[in-house]
Amino acid sequence: MVDSLLSARGLNKQFRSGDEPVPVLTDFSLQLGAGESLALTGRSGSGKSTLLNILCGLEKPDSGTVQVLGETFDARSTEAASKADARWGGLRRQQIGVVFQEANLMPALSLLDNVRFRARLAGQSEDDCRDWLERLGIGELADRFPDQVSGGQRQRASLAMVFAMKPALILADEPTGSLDRHTAEAVIGQLFELQARHDCGLILATHDPELATRCSQHLDLGHLPQT
Amino acid sequence: MTLPAALFSHYRRHPLQLLALAAMIVLATMLWTGVHHLTSQARASLDQSESAVAERQQVARTDGSPVTVDDFVELRRAGLCVMPWLEVSEPEGGRVVGVDPLAAGCFQTPGGQESPWGGELNGRPFVDISEAAELAREQGSELSLLVSDDHSKGDLPPGYQLVPFSVGPATGELGDSFLLNLDALGILVLLITALLVRSVYLLGLAQRRDSFALLHRFGVPHGRVNRLLVVEILLLAAVCVLPGIWLGRWLAAGLGSGFGQALEGLFDQPLYAGQGGSWLVPLVTMMAVILVACLADFLRPIFRGLMGGNRRYGCLVLLVLIAGLALTVWVTDLLWLFIAVAMVFVAAGILAPRLIASLADWRSGHDRDLQARWRHRELAVLARRLALPLVALQFAMAMVLAVQALVTTFESTFDRWLAQRLEADYYVEVPESADAALALDWLAEQPGLSASGLWHRVIRGRATLPGGEDEEETRVDVFAIGPVGPLVTGWELFESAPQPWQRLQQGQGVMVNEQLARRQDIAVGQTVTVLFGSQSFELPVLAIYPDYGRPAGEILIHPSVLPAEFETGFQSLSVSPGNLSIEAVTDGLKGVWQVEALTVRDNRAIEELASAIFDQTFLLTRAMTTLTLILAAIALLMMGWVFFSTRAWYFRLLVVWGLSRRQATAQLVRLSVSLSGAIALLALPLGVWLTWVLVHRINPIAFGWSLPMAVYPRFWLELGVLSMLIGLSIAFLMSRQLKSPTVAPVNANALAGGER
Ligand SMILES: Nc1ncnc2c1ncn2[C@@H]1O[C@H](COP(=O)(O)OP(=O)(O)OP(=O)(O)O)[C@@H](O)[C@H]1O
Ligand SMILES: [Mg+2]
């Protein structure tokens, strides 16, 4: 498919707990086009984080293929691990923005410096970093450190960071999981707005069924993997 | 679940942390016990050896023939306190010495000296004289008659004379100097130990902060948790201190036996005091140190209250540093000097991590490159969080620097000095009845000797320097040498007038040793008044010469200056016979003096023995300091590793943001190497300063002589390489944690954005 941003086919992943294998993903596939959004839901432990990690190369599937932004990664390929890592690194650096539930910022850098650090790594200019913070409503906090602002403000800064790198794909793992409903609403609203405006892909892991309906696709990973 | 069980459950989940804590206590205890044990053993050993080799006097016949049992009987009948000393050489080398405890009874007069041997009659080497006499029938033996120091020349019946008796070179003063340095080392090691224990304790607290917060939320008061923690650390200490002490003693025994062997080789008797020593001192000290190290938190609020704000505290510490530095220059009292050194160390320890952190913060404010800015910020956090192990490492490095410099200087100086003092191959004692002038003529006639000039006569005795108005007079040793030849003209002089040796030979002045020059403030060119008995001489000072190893003042003059009434204590001839054999020389002298036997001392053998004992003590000192350094490095490694586990997530973020693991590791390496490098850099001035204090302040105050202050940039380089290695090891340990996908930090602190 020509305008496919991301496609994953036949992903399998299992962990081990002691001697017992714990299958997390079994023959899993998904597709995402540019400008599309996809919600991942499922019980705790159903494998949402594992899947997101696989889709950005932080974790390796046991088998299956991931095609993303023109690069193909096959778990069974003979390519050296370091080479694949380097390709994944390049993608994460410039095109795939990852947001976790918390601790997305370097504690020793101010909010603004965090955004600038990320923008620079992505090869983007540092000039509009302050703009991004302002657009997300935390311009006046730019020089504060992460421990000097609230959890919601930190997550907004994390979004500013992701947008400052001008990504083609955003992977967000419960980005509002630790926020109150009102704040979460505001942060997610901004995420969707910016995603639509910049036409990038978004995969969002969430426990919120209502949130899931706002995405163009919805995948439920179901229950705990059977042990 | 009870509260203690809940508290302890942390360690059930993280047994490695508990193990690390326990290991640190064991290692710290081992280190200090080792040093303490060695110090007390070395002290006991040196005391023993000193009493064994202390110069005593013996009675000899004026006709030069060996003393016999008949002489003993005659002397006893004359009412003298004499004791037979029968040395029997054993066929396989070594010797036993037969002594008579009954005869020795009179040596132990109240206020008098103790019995001439230190130990028991157990054959090592002392036995009862009857036993030795039995052996002497088959083996070669030599009888001496020791006489109590209370007797003087006048007490002797005619035909006898008093001569010095010693079984080896005296090492008393050198030993003291060495012990003083060991003591200073022990105090420093105790300080380092306390730092290590405290850092481990704080680490345990930091790791369990979440559990404490939770307990607090559950309504458990802070005080109760704290009390439980103290009990916990005391229990842990009680369990770990004993194996630590055992290990320390084991270590000391291993290192010490070499020392013992050297002493034994030197004095032919087992002088190393062995494994006596108490367990109580290390046990109590370590428990106290652990308690203080862990309870320092309760003291801090009081301290802070007194100090005011953080800034004022910093200023105060800086003041303490400056005051300590100034004090070390001004004070002339050993106790104050030690206090000043402690002030400097404490202040330097408080300031060093702060300095690194502030510099890193300042740098990061000026970095255009954000990666560098981030790295410098992380460096500041690391410096603050690892402050205690860093300071321990800094102290250990400073100590190693100072001790290495000191020991190396000691070694080269003593080697040179010993070589100077023992320049001639042999000493030949001049018997009391003999006329040294005859011998001089005979020596001058020998063609080989007159060509080389490698011989002179030595006269030893005492003189007095009269004091000023309210000063007391000073007794000094007299060291008269003539003719002044190549045996002495090569001596190194600290200061000298033109042509000092020539003028000494012509009797135009004196030379004084460093001790005397320091004490009396004597300079070259000045004139000193010397009293030999009642006769007074005004003599210009020609030079000041180094004379290590003893505090006594000494003047060097030509024998021609000595008046007739000068009471000669001891006379000898120093001879390097060259192609003439020493037998030829002694035979010649026997002929000249008409005696049957001569006492000859082989200086090369003495030099060898003395070097051996120094080498061993130096090796020991080096080993102890290196051990301290290794321990401090391990502590930093361990703490760095545990601290990093709480921060690994943020380094992992770099990988999430697209840096390769190698690049992230490179950042880590730069970070940890900067940290260890910075602390090594800060240790350098402290180490050089400590060297200066040891060499130029402590030694002169304690012993009156100073060593040349030398710095050894090669050590600096070695230490730099070592600090690099420590940094690399930390980075290596940390980078392993980058591999596994770390879960996001869960502790309350990290959730709030992490420490910065
Ligand atoms: N490193 C690992 N080793 C062993 N098992 C793991 C590992 N990581 C995850 N798992 C297991 O894999 C399963 C999926 O975990 P994952 O974190 O993907 O779940 P999740 O859907 O993100 O859950 P949540 O909604 O709670 O975040 C879980 O059962 C988890 O216990
Ligand atoms: Mg998850």
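Residues numbered from 1 in each chain as written. Chains lettered and ligands numbered in written order. Predicted model: local features only at pLDDT ≥ 70, side-chain atom pairs only at ≥ 80, totals over all residues. Heavy atoms only, no water.

Undergrad: Just give me the short version of the overall build of chain A, but keep the residues and values in it.
TA: A count of helical and extended segments in chain A gives seven helices and nine strands. Computed over the C-alpha atoms, the radius of gyration of chain A is 18 Å, within 12% of the 17 Å expected from 2.2 N^0.38 for a compact globule of 227 residues. Its C-alpha atoms put chain A at 50 × 35 × 35 Å along the principal axes. Within the span of chain A, comprising 227 residues, buried residues form 57% of the whole. Partitioning the contacts of chain A with sequence separation of at least 6, the portion at a separation of at least 24 is 71%. Surface accessibility of chain A: about 9800 Å² in total, with carbon and sulfur atoms responsible for 45%. (Helix = DSSP H or I, 4+ residues; strand = E, 2+ residues; numbered from the N terminus. Rg over C-alpha atoms; globule rule 2.2 N^0.38 Å. Buried < 20%, exposed > 50% of the residue type's maximum accessible area, 1.4 Å probe, protein only. Contact = heavy atoms within 4.5 Å. Areas by Shrake-Rupley, 256 points an atom, 1.4 Å probe, with all protein chains shown as cover.)

Undergrad: Help me get a handle on the pairing of strand β2 (residues 20-33) of chain A, residues and values and all.
TA: Residue and element names in this part refer to chain A. In terms of strand pairing, strand β1 (residues 4-17) meets β2 through 10 bridges, oriented antiparallel. What sits directly across from Q14, in β2, is P23. The antiparallel hairpin formed by β1 and β2 contains two residues in its connecting segment, where G18 sits at a positive phi of about 65 degrees. (Pairing = 2+ DSSP bridges.)

Undergrad: Requested: an account of the nonpolar core, with residues and values cited.
TA: In terms of nonpolar packing, the biggest core is built from 203 residues, with A:L55, A:V66, A:V68, A:I96, A:I203, B:I290 and B:L393 touching the most fellow members. The biggest single contributor to this core is helix α13 (residues 387-421) of chain B, with 19 residues. Setting aside chain neighbours within four positions, we find A:V66 in contact with A:L6, A:S7, A:A8, A:L11, A:I54, A:L55, A:E71, A:T72, A:F73 and A:W88. (Core = buried A, V, L, I, M, F, W, Y, C linked by side-chain atoms within 4.5 Å.)

Undergrad: Which residues make up the interface of chain A and chain B, and what are the values?
TA: Facing 29 residues of chain A, the contacting portion of chain B comprises 29 residues. Here chain A and chain B share an interface that buries about 2800 Å² over both sides, 63% of which is from carbon and sulfur atoms. In this assembly, chain A and chain B are joined by one salt bridge. When the shortest N-O distance is used, the salt bridge between B:R373 and A:D113 registers 2.8 Å. Seen at the junction of chain A and chain B, the total is four residue pairs in polar contact (both at pLDDT 80 or more). Counting only elements with at least two residues in the side of chain A that touches chain B, the list comes to α2 (81-94), α3 (111-121) and α5 (151-164) of chain A. (Buried area = accessible area lost by both parts, 1.4 Å probe. Salt bridge = Lys/Arg side-chain N within 4 Å of Asp/Glu carboxyl O. Polar contact = N/O pair within 3.5 Å; in protein donor to acceptor, adjacent residues only side chain to side chain.)

Undergrad: So what's going on with the sheet that holds strand β9 (residues 217-220) of chain A? Which residues, and what values?
TA: Residue and element names in this part refer to chain A. Pairing in this open sheet of five strands is parallel, and the strands run β6-β7-β8-β3-β9 from one edge to the other. Strand pairing shows two members of the sheet lacking a second neighbour, β6 (96-99) and β9, which therefore form its edges. Across the sheet, the axes of successive neighbouring strands diverge by a mean angle of 15 degrees, strand direction being ignored. Across the sheet, α5 lies against β6 and β7 (169-173), angled at about 170 degrees from β6, the strand it touches most. (Axes fitted to C-alpha atoms, helices over the stretch in contact; angles between N-to-C directions.)

Undergrad: How would you sum up the side chain of A:Q155? Please name residues and give values.
TA: Take A:Q155: it is sitting in helix α5. Judged by its relative accessible area of 4%, A:Q155 falls in the buried class.

Undergrad: Requested: an account of the site of ligand 1, with residues and values cited.
TA: Residue and element names in this part refer to chain A. Around ligand 1 lies a shell formed by F15, V24, R43, S44, G45, S46, G47, K48, S49, T50, E174 and H207. S44 is positioned with one of its side-chain polar atoms (N or O) 2.4 Å from an oxygen atom of ligand 1. In the environment of ligand 1, an oxygen atom lies 2.9 Å from a nitrogen or oxygen atom belonging to the backbone of G47. Considering ligand 1 on its own, with 630 Å² of exposed area, one finds that the protein chains cover 61% of that surface. (Near = heavy atom within 4 Å.)

Undergrad: Requested: an account of the domain arrangement of chain B, with residues and values cited.
TA: Residues and elements named next belong to chain B. In terms of domains, chain B is made up of domain 1 (1-55 + 172-295), domain 2 (57-164), domain 3 (351-423 + 602-756) and domain 4 (424-601). Taken together, the contact between domain 3 and domain 4 spans 19 residues of the former and 24 residues of the latter. When domain 3 packs against domain 4, the two sides together hide about 1800 Å² of surface, and 45% of this comes from carbon and sulfur. Of all residues in domain 3, the largest losses of buried area upon contact with domain 4 belong to Q420, R421 and W705, amounting jointly to 33% of the total for that side. In this structure, D425 and R604 form a salt bridge, with 2.4 Å as the shortest nitrogen-oxygen distance. Taken together, domain 3 and domain 4 are joined by one residue pair in polar contact (both at pLDDT 80 or more). For the side of domain 3 that touches domain 4, the secondary structure elements donating two or more residues are α13, α20 (603-645) and α22 (661-703). The leading source of residues in the side of domain 3 that touches domain 4 is α13, at six residues. The class makeup of the residues in the side of domain 3 that touches domain 4 is nine nonpolar, five polar and five charged. (Domains from an automatic or database assignment. Nonpolar A, V, L, I, M, F, W, Y, C, P; charged D, E, K, R; others polar.)

Undergrad: For the packing of aromatic side chains, give the residues involved together with the corresponding values.
TA: The geometry of an aromatic ring pair is captured by two quantities: the separation of the ring centres and the angle between the planes. A full pass over the atoms with the stated rule returns 13 aromatic pairs over all chains. With centroids separated by 5.7 Å and ring planes inclined at 85 degrees, the aromatic side chains of B:F532 and B:F566 adopt a geometry described as edge-to-face. Residue B:F532 is found in strand β12 (residues 527-532), and its partner B:F566 is found in the loop between β14 (554-557) and β15 (570-575); the two are separated by 34 residues along the sequence. B:F566 shares its class with B:F532; the two are buried. For A:R135, the ring lying beneath its charged end belongs to A:W132, and the centroid distance is 4.2 Å. Over the face of the ring belonging to B:F479 we find B:R460, whose NZ or CZ atom lies 4.2 Å from the ring centre. (Phe/Tyr/Trp six-rings, centres within 6.5 Å; stacked < 30°, edge-to-face > 60°. Lys NZ or Arg CZ within 6 Å of the ring centre and 35° of its normal.)

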